[in-house]
Structure formats: structure tokens, C-alpha cells
Amino acid sequence: MFDDYVEHTNAAPVNHGSLQSRGLHYEGFEPAQPEEVLDLDPQEAVDAEPPQSPIFDLGQVQCAINAPLVSLVVCSDMLVMGLASNVLILIELAHATQVTRIQIPAKPNEMTLHKLFMDPSGRHIIITSTQGQNWYLYRTWKKPRQMKTFNKLVIESVAWNKAAMLSNLQPTSTREILIGARNGTVYEAMLNAEEDFFKSQERYLQPVFSLPELHPITGVKYEFFPPSDPKKALVIVTTPSRIYQFVGTPDRRSDDSGRIFSAMFAAYRDKVPKILELPGDTQHSELHFYTSNPEQANSLPRSLAWMTAPGIYHGNLNFESTSDNFIDASDVLPYGTSEGVPELPISIAVTDFHYVILYKDRIASVCNLDDKLTYEEPLPLKPNEEVRGITADPVRKTYWVYTDQSIFELLVGNEDRDVWKIYLEKGQYETALRYAKTASRRNQVLAAQANSFFSEGRFFQAAQCYAQCSVSFEEVVVKFFDVNERDALRSYLISRLERTKKADITQRMMLATWLVEFYLSKCNELDDMVASESVLHDVGNLQAERAILEDDLRHFLETYKSNLDPKTTYELIQGHGRTDMYIHYATVIGDFERVIEHWIMEEEWTQAIDALNRQSDLELYYRFGAVLLRQAPKETVDSWLKQPTLDPIRLIPSLLQLQHAPRDPVSPNQAIRYLNHIVFEQQNTSPTIHNLLVTFYALPSSAPSSSTAPSDDGPILRFLSTAPSDPITGKPYYDLDYALRLCKQTGRTQPCVHIYSKMALYENSVDLALEKGDIELAKINADMPEDDQPLRKKLWLKIARYVVQDKKDIKTAMRFLENTDLLKIEDILPFFPDFVVIDDFKEEIAHALEGYSSHIDTLRNEMDDATRTAESIKQDINALQNRFVTIDAGDVCSVCSHLLLTRQFYVFPCRHNFHADCLISLAKENLPAYSLRRILALQTELMKGANTPITSVNITGPASLPVNPAVQPQSRQPHTQRTLLSANFTNPLQNGTRAANLLGRNLLSAGDKIRDLIVPDALAALVSAPTWIPGIGGGRRIGNETNGGKKVEKLRAELDDVLASSCPLCESVVVGLDKPFIAEDELDTTWTL
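Residues numbered from 1 in each chain as written. Predicted model: local features only at pLDDT ≥ 70, side-chain atom pairs only at ≥ 80, totals over all residues. Heavy atoms only, no water.

Going by an unreviewed UniProt entry, the chain carries the name Pep3/Vps18/deep orange family-domain-containing protein and comes from Lentinula detonsa. UniProt, in the comment section headed Subcellular location (unreviewed entry), describes the chain in these words: "Endomembrane system". (UniProt positions renumbered as here; feature names shortened; annotations may be inferred.)

The structure is reproduced here in C-alpha cells:
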């Protein structure tokens, strides 16, 4: 049915689904020479006007119509065509290729199609004919159904319930509709496409009002208002020459059964509605509403247009009107002329800013703002082609022109292109600005608005507009100077400064500086006015204005401080004598040095300290610390304490000023207060600070006097006692020598004594305390060397000598002995004079003698206890010598499992038995390194001393052995020993000297492998004498009579103690708890498969 493209000759195609249109020649506010638009200066290229697109563009829709087109309606992108062959063609524009053809079941010679009507939702269609047959088609039906109750009724217009149609609450129902018939009667009806066996589609049809002249009702519209609570209804009805307005309250029912207009129209049976008549000789007219946002169900139309014979009657709909006339600003727009004769149009349509007028051979548009023709284009008609009309989609705002053979789409493009000019000419500048889309257009509007404001004397509004447009700066300034409007000029300068680019530093600085001068001049002007009129008039308003202006100036300085030159601004402010602004500006830019200097010159010390506290530059604390501390010491120190990052060393010159400055004796020394905070709170360890604090404590606050000593040593003593010390050296951070010298100069005895004790010069401290007669202080210092008892006693003797000899107070000396346990009566007796009465210390001597007697008794008892203990030990030793163990002849060694009696053996109380060599082999694995080294040393010594051969050792009979008689005497043959490190120890007892030499050499070469140097067989032979077996006993030991024999016996006993001190099996259980079951170099194959 439709091709996939639309021919267009001048512009890019505008798609509308698959429907596209072909552009023809257009007219309007187009440039006479478009090339001039492109020929611009580079400086003005930014503000160049964009190429103007056409307001309207008429494109022909490519379609094939096989019968004359009679009527065309479009709503919500649903297009319906009615052909003379009684065929309806339905096209959903979103899917334009899907075309539905529906045949009306009536022959063309029996029914002539007259008009089509479709609701705003595009679902309900009413077809009427000139014979009075009417049909109803729902969108999803395959064929229309004839409405029997509408028979013999020629419908000329239909008013739909737009709110109900667009809300989709009942999509199958049309709800209440008003029908204007050719017989001059208005009907109310309701249609419903829902299938109901007991009801037809036309629910009801009833006449509600008949016009007296019975002219055809060419147009009918109604709206419910207000949108928030639609209780009223406005119905507008038109005939070819009259327009009627009906207003009332509809009869809304809860069951939505309709018939809501009957009561409203019944009220007009006794009164005449609002009527306007425009007579003419035409029988055709149209009524159109225009809604800005038609997709909203409750939106109200903005304006109306009524096509009449004299012209287009148009106006704005005022739903808030209190009269019976709801049409405001009505007027008649006459039609164009053809050869000097007014030409009546065929149809009209309404857009946002234009009336589209369709003539029999052309289409034109007139702007509804200035009634000027903005567009006109001839229709490309074929021979004998007849124009039928123009229809509009009220929801999608599309416009369609149709003839009996063709369809055209009128594309609305840049409709508001020239609207801004029209509003500009009318002086409606705010509206013109709303439609000015480019910078150059806004500039023209603002310039015109500014000139208008200026001519009206509204200078502040003019200043704001001038600041936004491109009128030259000099021209504006001269204008305001000519009328002496400096306040408006100030407003203009502020606006220009706000809009100046930040990159334009020079311009911004000049504007800001000029504005500062304006503000200062105005402030001085107001000051003069207040001073001159304060006597005769009330100056409250002037004072309020001055306060507001000063606040504005402060805010301006804060906002544009970066655009002001400090030096120039200071000079301006000082030149106008505004000290408050001078201080404020310096504070704003952070020039606190200037602020503090100002307050110091004014002797406003508190203000200066407040300014100092508000800034973070520490250098200012050091610079102004001296003068501020001298004038306001407490406040200054409070300020310092708030800055923990201050360097107290740099504050020393300021602090020293307080040393000789006169001070109230009641108030504390602020320098000491600050230094104490530094030392104890901030943990400062600088010796300089600590020494300075000692100086302040030791020296008086005023000029010192050599003859007068300070009476209160408490503060300095507290500091010396609690001052922090170096954790490494244990000494205080202040210089002890300096503190001692200072305290001596000022005659402070107690601090000197304390310092002596800090320096561990206890004798000096005691001597000084005694020199000053302070015995208690001397006692305290005498007890300080706690680890040096002789020194303590010496110090106490000094005190005792002083008490006895200098004080000559015997009783006090006796009481003095009770304070210490270091001195006795005999220690101080030498200090007594040669001739002294013993009565004064007789009791003390007697008490001392009693103490000595008691001590002697205690010592005697201790000696008796020691003697008894020694006798008990001797008895235990003798008992141990007679202890024996019984063994059997079949007992075996716990290591090698051979018979125990075959060679030397050891028996332990735990019943583990070992051969001597097996015991040595087992013990050397568990003994520590130092024991092994001792064994080697003893082994070497014994081998050196074995010069005589050792014969074989036989076990004698039972009478000579401490063993059980069950053991039969056996003889032991000489046993071949294993070599010690080499074959040199084949017979170690015979070659002892040689073996010892080799052992020494091998000991040096073996290094730390001590266990490898111990040979159990050779060592076992060395442990015992030839006739004595360890663990068994034996006969008389040979060689013990000589000194050499005693030495060898001693070495053997020591070696025996090392080897047999404990059972190696029992001890190895404990020692080996942390050893692994498998050694590091041992291969574990127990888990091998």
C-alpha cells in the first residue's frame, strides 16, 4: 500500500513509521542570501546564527488509492481512510506495512459515505453517510456494525470524552459522547464494544439540546474542569455562523451509566446560552481545540479556532472565568485574497504558533502571534484532483492533507524559529528569552530589554540585563554616569565581574578594585548623611542601609579577595578612613601580621592575641611574643599553650623579660607556668629549658638583692625533686653544677643539699645540712646511699659527732641512736668529753651490754647446732661405707647381656648392672661435653702415672668379697682390651706412657669429636687398682702409701664419680625425651611397600 520511502528534494527525510513525505518548496523567515550566513568574521563565528530550517515541510505520501478518498482521520498514530467504495483502510503508523481493509456492508448506490470520526485513543470509529446510515467499528473488529438507534441521523461532529479515552480505564467503552447532527440537535450517546447478549453496542442515544435556528452543528467540544476535581463542564457548539457556550455541573452517577449532560442542558431551556454570531454565506465551518500536552488525560486545551465565513475566530480558553464567557482575547483572522477577493478555505488546523489554512490549490500558515503569513506552498495536484481537507492527530500532533486521490503529511519542523522576534517586537522580553535558542538572539533580546528598562527608569533591572548582553562596557558606564545612578552602576559592575572569565585576570582586578572604591564611597556618603540628619530626622533607615552595605562589602572582599591587589586595596581603604574594613580585609587575605600590628599600636592586647590565635604562622608568635607577654602575660601564655608546635627555645628572649619586670606577688609567674607545661606536659628534654626553669625558681622576679635571701624554697625543691631524668644516665636534664652554683649564690640551703645528693656527694650534702644546723635534712641525706653501708655509717657518725660535740647534748645523742641501726653506743663514746657524768647514758650502756649478752647466747646455740649436724653426717658416711648389694652368679650385663662376673662391673640401686666398659660406652653418649672433657683429662693423667704393669685381677673367695656366699670363687684370666684410637693400645696398661702421648696428639687432631677419643676398654682398666674392682671391693690397695699412689687414687675416685654418678639407662630416658625416633642421617624403610 505504501512505499518504504518518501521523496524529498531539499531536506533530510523525516520518518513517521514507514510513512515518509516528500518536501516541496517552502517559504517563511528564510535569509534572502543564505550564503551571507557563512561569510562571518572569525571573532563572530561563535555567535553565528545556525542555518534556519523550514517551519513546515509538505511531503506526499506514496500510496495507491483504488477509489476516491472521501474522509481521513488520524488519532494516536492510527490512520483510517474512508473510500467512496465504502471501504475502510486502517493503518497503524508504527507498523505502516500492515494494512487492514474493511468493507462496509452497504452498496455504494445505497449509501454514500459522508464523514469518519475517531476517538483520541484510536480505538472507536463512527462512520456516517449522507443517507443517515451510521456504523460503528471497534479497532479489533473485522467489520463494522450498523447502529439502528442512529438511523436517519446525519452526524456532522462528535465530542469525545478525552479523559476517559486516554486513561484506558474502560477501553471498550466510549463513555459519554456528544454528537452534533445536521438537524441542529445535540445528542448524548454511549457506545460499548463489549459483547453482551442482552445489550447492543449503542447503549443509549438521547437528544439534550436543539438549536433554535436548526442549523447543522458543525462542531462540538466539551471539557471537564478543574483538572484536580472536575466538577464542572464546558460545552462549545458551533454552526456555520454561531458559537454557543454551555457551562454547568454534569450529573455524574456512581454506576457510570451515562446521561450526565441532560440536567446541564435542561438549565438552558429557560435562559439563553452565551452566543456569538459571525454571519456569512457559507454552510461549512470547523471547531478545533489546541492542547499543549495532549497525552495527559486531564490536560485542558489552551486555545480554540473556529473557521467561519469572515475568518478564523480564535481565542484563549479561560477555565477560571467567573462569567459565562470562557473565551479570552478573542479575535477574527481574515483569510487571504485571490485576485482581490477573499477566498474561503476548505479546512483549517491549529498548531502551537500557527493556523494552518487549506485552500483548494495551496496550503498556508499564519502565525497566531502577529497574524502574519509565514508559510505558503501550492499543492501538487493532478488534473481533476479535488482537495478534501486537513486532519490532525490531537495526541501525536501530526497533520495530514488529503485529496480524493492523494495524501500529504505536513511536517512541523522549526515552528518556533521566529517566535522570539515576535515577542521581542511586542516587548514581551521574558517570553522572547524563552524562545531565543542561540547566544546572538538572547543578546538581542537582553539588549532591547535593558534599553527598555533604562528608558523606564528601572535602572537596577537595566543593569542586570546590560551585564548579560554584549552592549559595550563603556557605553553602559557612560549611560549610568549621565543619570548619576552609581548604585545601579555598582550592580552592573558586580554582574559583569561575576560573568567575566577567570582567565581575564586584569579585567577582573580592575572591576573588583573599582567596586571596592564604589562601596567605600557609598559608606562614607551614608556616614555623612547620618551625621548631618541625626539631629533633625530619624536616621534608622540610613543606619540600616549602611549596615547592609557594610555587610555587602565584607562579603565582596571575602568572595573576590583573589582578584584584588593587596597594596592598592589597603591604600583605598586607608584613604577612606575605614579602619574596620582595613582589619577585615587583612583578616580575609590572611595578613595577620598587619592585623596584630594594628591592635598593638592601638594597645588592644586582647584583640591582638585573638588575631594571633586565629592564624597558624608560628613566626608571628616569636615576633610579637615579647611585647604581648609584657603587657598581657596570662593571655599570651594561654595562647602559647594552644600551640604545642612552638619552639620554646625561640621564646626564651620573651620569657626573660618577665624576670626583671615588676609583678604582683599574688599572681603566679607566667613564665614558670609555661615552662612547667613544656617540661611536664610536653616532655621537653632540652637542658636549656630546664636550666631556665631552675633560674626562674632560684632568682627572684624583681631585681635580686645580695643581702636578702628568698624565704620559700618549696617551689624549687618541688621542681628539683620531680624534674624528669634521662632514662639512660639517670641524671636530670638540667645542669647540676649550674643549679648548685645558682642556689649557692641565692643562699638556698635545702636546694643545695638536694643537688649534692643528686650528684652523689652525700658527705657534702650532710656537711652543708649540719653547717646550717638542719639535723633532719642531714639524716635524710645520710640514708640515701643504701648500697654503701660503710658510707652510711660514716655519715651517721658525722651527725653523731655534731650532736655530741657541737650541740653538747648527751640526751639528744642517746635519742639519736634510736633513729638508726648502724650506730651503737660504743661508736659514739669516743665523741664524749673525757669528764662526763655517766648518769646521762647509763641506761643506754646497760641496754647495749644486755644486747651483746643476748647475741653471744644466740651464737653459742648456733655453734651447738652445727656440731650436732656434723656428727650426724659422719654417722651417715660410715653407714654408707658398709652398704652392700647381693648379686647372683647368673646376673648379666644390662647392655651386652653377658655374665656380669666375667669382668669388672657396676651395680646401681635401680638393679641395673653393667660391665665397666659397657657402662663407659653407654655413659659417654649421655654425658655433657664438659664431663667428657674431664674424663679425657683424668684418663690422660692416669695413663701417665701407670708406670708399672698391671696384673690380672682375680676375684678372691667369699671371705674377702662383700658378695653373697652363693657366688662361687672364680678366676679371671687377663682380658685382651680394645685399642684406644689405634693399635698402640694393644696392651694399654703396659704401654701407658706411649698411649698418653698418642692420646694428646690425637686430642688436638680430633677437634670436638670428644666421644671418639674415649675407649671404654682402656678406660675401664684405668678406673680400678690392680687388686680392686669397683662395685666389688678388694684387698689392700697397692701403692697408696706413697704420695704418687695417693694422687692416682684420688684421680681414680674422681673418674669413678663422673662415670658412675647415676644409672645411664634411667637417666637417658629423661635426657632423650626431645630426640627423634629416627636420626637425621638414618634411612627409614619401615614404611616401604
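**Concerning the packing of aromatic side chains**
Following the criterion strictly, the structure yields 35 aromatic pairs and no others. Both rings, one in Phe-209 and one in Phe-265, keep their centres 5.9 Å apart while their planes meet at 35°; by these two values the pair is tilted. Residue Phe-209 is found in strand E13 (residues 202–210), and its partner Phe-265 is found in helix H3 (residues 262–266); the two are separated by 56 residues along the sequence. For the pair Phe-209 and Phe-265, a shared accessibility class is recorded, and that class is buried. Judged by centre distance (6.3 Å) and plane angle (65°), the ring pair of Phe-473 and Trp-514 falls under edge-to-face. Taken together, the positions of Phe-473 in helix H8 (residues 473–482) and Trp-514 in helix H10 (residues 505–533) put the pair 41 residues apart, joining distant regions of the chain. With a relative accessible area of 24%, Phe-473 lands in the partly exposed category. (Phe/Tyr/Trp six-rings, centres within 6.5 Å; stacked < 30°, edge-to-face > 60°. Helix = DSSP H or I, 4+ residues; strand = E, 2+ residues; numbered from the N terminus. Buried < 20%, exposed > 50% of the residue type's maximum accessible area, 1.4 Å probe, protein only.)

**Regarding the environment of Lys-421**
Counting through the fold element by element, Lys-421 comes out in helix H4 (residues 419–426). With a relative accessible area of 33%, Lys-421 lands in the partly exposed category. Between the C-alpha atoms of Lys-421 and Arg-441, which are 20 residues apart in sequence, the distance is 8.7 Å.

**Re the sheet that holds strand E28 (residues 387–393)**
A sheet is described by the order of its strands in space; here four strands give the open sequence E1-E30-E29-E28, paired in antiparallel fashion. Of all the strands in the sheet, the pair left with one neighbour each is strand E1 (56–61) and E28. Pairs of neighbouring strands in the sheet enclose a mean axial angle of 25°, with direction left out of account. The pairing of E1 with strand E30 (residues 407–412) spans six bridges and is antiparallel. Counterpart to Asp-57 in the pairing with E30 is Leu-411. (Pairing = 2+ DSSP bridges. Axes fitted to C-alpha atoms, helices over the stretch in contact; angles between N-to-C directions.)

**What to know about the environment of Ser-921**
Along the chain, the position of Ser-921 falls in helix H30 (residues 916–926). The partly exposed category is assigned to Ser-921, whose relative accessible area is 27%. Sequence separation of Ser-921 and Val-1015 is 94 residues, and the distance between their C-alpha atoms is 7.9 Å.

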